[in-house]
Amino acid sequence: MQHLPPGTRRRGSTCALAVLTALTLGVTGAAVLSGPAHAAAGCSVDYTVNQWNTGFTGNVTVTNLGDPVNGWTVRWTFPSGERLSQGWNAEFSTSGAEVTAANTAWNAAIPTGGTVSFGFNATHNGTVGIPASFTLNGTVCTGQTDPGGPQNPEQPEQPEEPGTSDPQPDPGGTRQAERLDRGLISVRSGNGNLVSWRLLGSDPRNVAFNVYRGSTRLNSTPLTSATSYYDSGAPANASYTVRPVVGGVEQAASPASLNFTDGYLDVPLQRPQGGSVNGSSYTYDANDASVGDLDGDGRYEIVLKWEPTNAKDNSQSGYTGPVLIDAYELDGTRLWRIDLGRNIRAGAHYTQFQVYDYDGDGRAEVAMKTADGTRDGAGTVIGSASADYRNSSGYVLSGPEYLTVFDGRTGRALDTVDYVPARGTVSSWGDSYGNRVDRFLAGTAYLDGRRPSMIFSRGYYTRTVITAWDFRNGRLSRRWTFDTNSSTNVGRGYDGQGFHSLSIADADGDGRDEVMFGAMAVDDNGNGMWTTGYGHGDALHVGDFVPNRPGLEVYGVSESTSQPDAWLADARTGSTLWRTAPGSDNGRGVAGDIWAGSPGAEFWSSSVSGLLNTSGSNVGRKPSSTNFLVWWDGDPSRELLDQTRIDKYGPSGDTRLLTGSGVASNNGTKATPALSGDILGDWREEVIWRTSDNSALRIYASPHPTDLRIPTLMHDTQYRVAIAWQNTAYNQPPHPSFHIGDGMATPPWPDIYYP
């Protein structure tokens, strides 16, 4: 196995942050920098400068006056046009004037009273200024110590005791999950605000909540049903917190709410400049997105793919601009940018990225296919910076291919290995010009039932190879490889069964995940599990669609005119529950409980008439769209999400619930959002579209009250990994491991633990 191609520098693994601390900041030979008095513990920073001509050397010494830390990040902004050129004794990344310095493997720990020092060289334009403030692990330096938690100085003062953080007891379940905060949001609704928050898998099942506007409690008795509250008559910019009530005792307050004052929250973006390649000009559109807690603060960041406008389907020749991957805080702070380089072609089937905490350090990593010339978030090139493997048609059919895991905080490459499988002979994948050889899918699966592994594959029209990887202690290791050409699998009907997407689920109920690869499934150990033989298709859905029968179901549509246009199978065995007649290339299909008039889920597709029930019978009018789904209003039936609108299905016609303002969908006729999922607030799903001018990602959240109490879907691991694979090729909506719909049973409590 090849680790770290030439030119790659791998950052050593670091320990998870033990205690969030703040710092007091003194600047040697200058002044003591003061800031808002909202700090976690306390420390001092000495900042010295040695200036010459157009450059200077800076030295930073941090003295920890608070609790010990193990893992640190210091950030500041140069005030006068200075720019970092190199550094030492820390891992540096920059975005314009913004500088981040993080610990190395050997200086992560700072005991109480201890110090850590690092330095750098930088350029200037005649003036070397003193940064207005520094932050340590996200907390503004204040010159004082304070036992409270980190605060945003622009947020309103929080209510007094019992505190300003929301510590949760650690659950003792089976599967690793994120330690999320409440995700509290306030969405303008009529003449008031709908305030909603997460019910966490770590909460006691009988937890109740109090809601505060400023320091005023709004509810007379603790709320024990839905995790939402409508505050009638409140101003749009009101700030809220919630406090759990356990055993009659009020707990610590949550962080203050994010305000959706116009029904949405904009995340400002830094749109890349376009360019021209081989006579083809391009600009950039904000394309698929994912979320993960990149820095371990309990809040999601967004990882975004920038797609050049000359991106190609694999069947199309032509050069493309490079694919870029950014990470953003929800306030628009850009954390890093990765440039995949000239040897990764742009298009829906080439770059599938996974965002997940694979090593269990409490922070998400980012994993994707890379190549010679990929530049990580710290500016380090993987492999050869000068290599160019594009042929005259713009395809990349030679040269090394890699799989790289990047640090979610900095975008720095942590480990790189050869991509498995290698392309080998191009024609062995189904054609000789480069279409089918570069069909990639990716996902995340709990193959051992406890910790997540990453799944990367190649091919699905003929040969298919799926590889499972673990990322532990800073290194990638291969768990298993499934190959339809292996002696174990040849002749068993697994060839040509893959779809333009995949799903991950515990199909056989043994506590370990399987890879649901279209019309076939691969067991958690890498062995073939079953195949229907129905062949390649475009849309795949896996969930508890028939709640009155045990286990999960798989719904698919077929591209072959000789196979059933649509079918439903048992996820455990692959046995067909029902199927429709053949005859069409059925390009789209959806499964979801959108109508209370029929028990369980409904199924519909492009070439099959009507709306089918769990038995495959036509029970009504086909919906107006066959695309995405979203839980939006207050009832358990799911709504239709298509292009930039949300509709409620009805037997006589659909009802418009939302038309996005100033936004655009992605992926051409697929018309999908950047991301849709339960990323904030209660169990309902948010929708993220790019603005039409690509200046922001616009997050819409439901303004509708609900009386349903459901734990955050992000603590249902089948749903959570579906958010991770949603960006893969032909994006599909996520489904949880249990049924949500009319007459649903009490939702299962998440079986999770925190790393």
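Keep in mind it's a predicted model, so treat the numbers as computed, not measured.

Draft legend 1. Region of interest: the packing of aromatic side chains. According to the stated counting rule, one finds 30 aromatic pairs in the structure shown. Judged by centre distance (6.4 Å) and plane angle (80 degrees), the ring pair of Tyr 419 and Phe 456 falls under edge-to-face. Here Tyr 419 is found in the loop between strand S33 (413-418) and strand S34 (440-445), whereas its partner Phe 456 is found in strand S35 (residues 453-458), with 37 residues between them in sequence. Residue Tyr 419 is classed as buried on the basis of its relative accessible area of 3%.

Draft legend 2. Layout of the nonpolar core. In this structure, Ile 302, Ile 679 and Leu 697 are the most contacted members of the largest nonpolar core, which totals 44 residues. For this core, the secondary structure elements donating two or more residues are strand S15 (185-189), strand S23 (264-268), strand S26 (284-292), strand S27 (301-308), strand S28 (324-328), strand S57 (696-700) and helix H1 (717-725). A total of 4 residues in this core trace back to one element, the largest contributor, which is S26. Counting only domains with at least three residues in this core, you end up with domain 2 (179-262) and domain 3 (265-725). Setting aside residues up to four positions removed in sequence, Ile 302 forms contacts with Val 267, Ala 289, Ser 290, Val 291, Asp 326, Ala 327, Tyr 328, Leu 330, Ile 688, Leu 697 and Ile 699.

Draft legend 3. The arrangement of the layout of surface pockets in detail. Reported here for the second largest pocket is a volume of approximately 510 Å³. Around the second largest pocket, the lining comprises 27 residues; the ones closest to its centre are Arg 175, Asp 506, Asp 716, Thr 717 and Ser 737. Tallied by class, the residues present in the lining of the second largest pocket amount to 9 nonpolar, 10 polar and 8 charged.

Draft legend 4. Looking closely at the pattern of salt bridges. On inspection of all chains with the given rule, the structure shows 38 salt bridges. For Asp 513, the salt bridge goes to Arg 175, with nearest N and O atoms at 2.9 Å. Separated by 338 residues along the polypeptide, Asp 513 in the loop between strand S38 (503-505) and strand S39 (514-516) and Arg 175 in strand S14 (residues 175-176) bring together distant segments of the chain. A residue is classified by how much of its surface remains accessible, and Asp 513, at 3% relative accessible area, is buried.

Draft legend 5. Region of the structure containing the sheet that holds strand S43 (residues 553-557). Taken together, the 4 strands give an open sheet; going across it, the order is S42-S43-S44-S45, and neighbouring strands pair in antiparallel fashion. On the outer flanks of this sheet lie strand S42 (540-543) and strand S45 (576-579), each paired with one strand and no other. Strand-to-strand twist of the sheet, defined as the mean angle between neighbouring strand axes without regard to direction, takes the value 15 degrees. The pairing of S43 with strand S44 (residues 566-570) spans 5 bridges and is antiparallel. The partner of Tyr 555 across the bridge, within S44, is Leu 568.

Draft legend 6. Structural context of unusual backbone geometry. Here the bond from Val 420 into Pro 421 is cis, since omega is 10 degrees, no more than 30 degrees from zero. Within the secondary structure, Pro 421 sits in the loop between S33 and S34. Even without being a glycine, Gln 643 presents a positive backbone phi close to 55 degrees. Here Gln 643 lies in the loop between strand S51 (639-642) and strand S52 (645-648). Even without being a glycine, Asn 694 presents a positive backbone phi close to 60 degrees. Its relative accessible area of 2% is what places Asn 694 among the buried residues.

Thresholds, definitions, all that
Residues numbered from 1 in each chain as written. Predicted model: local features only at pLDDT ≥ 70, side-chain atom pairs only at ≥ 80, totals over all residues. Heavy atoms only, no water. Phe/Tyr/Trp six-rings, centres within 6.5 Å; stacked < 30°, edge-to-face > 60°. Helix = DSSP H or I, 4+ residues; strand = E, 2+ residues; numbered from the N terminus. Buried < 20%, exposed > 50% of the residue type's maximum accessible area, 1.4 Å probe, protein only. Core = buried A, V, L, I, M, F, W, Y, C linked by side-chain atoms within 4.5 Å. Domains from an automatic or database assignment. Contact = heavy atoms within 4.5 Å. 1 Å grid on protein atoms, 1.4 Å probe; cavity = no way out; pocket = protein on both sides within 12 Å on 5 of 7 lines; lining within 4 Å. Points joined across faces, edges and corners; volume = space filled by probe spheres on them. Nonpolar A, V, L, I, M, F, W, Y, C, P; charged D, E, K, R; others polar. Salt bridge = Lys/Arg side-chain N within 4 Å of Asp/Glu carboxyl O. Pairing = 2+ DSSP bridges. Axes fitted to C-alpha atoms, helices over the stretch in contact; angles between N-to-C directions.

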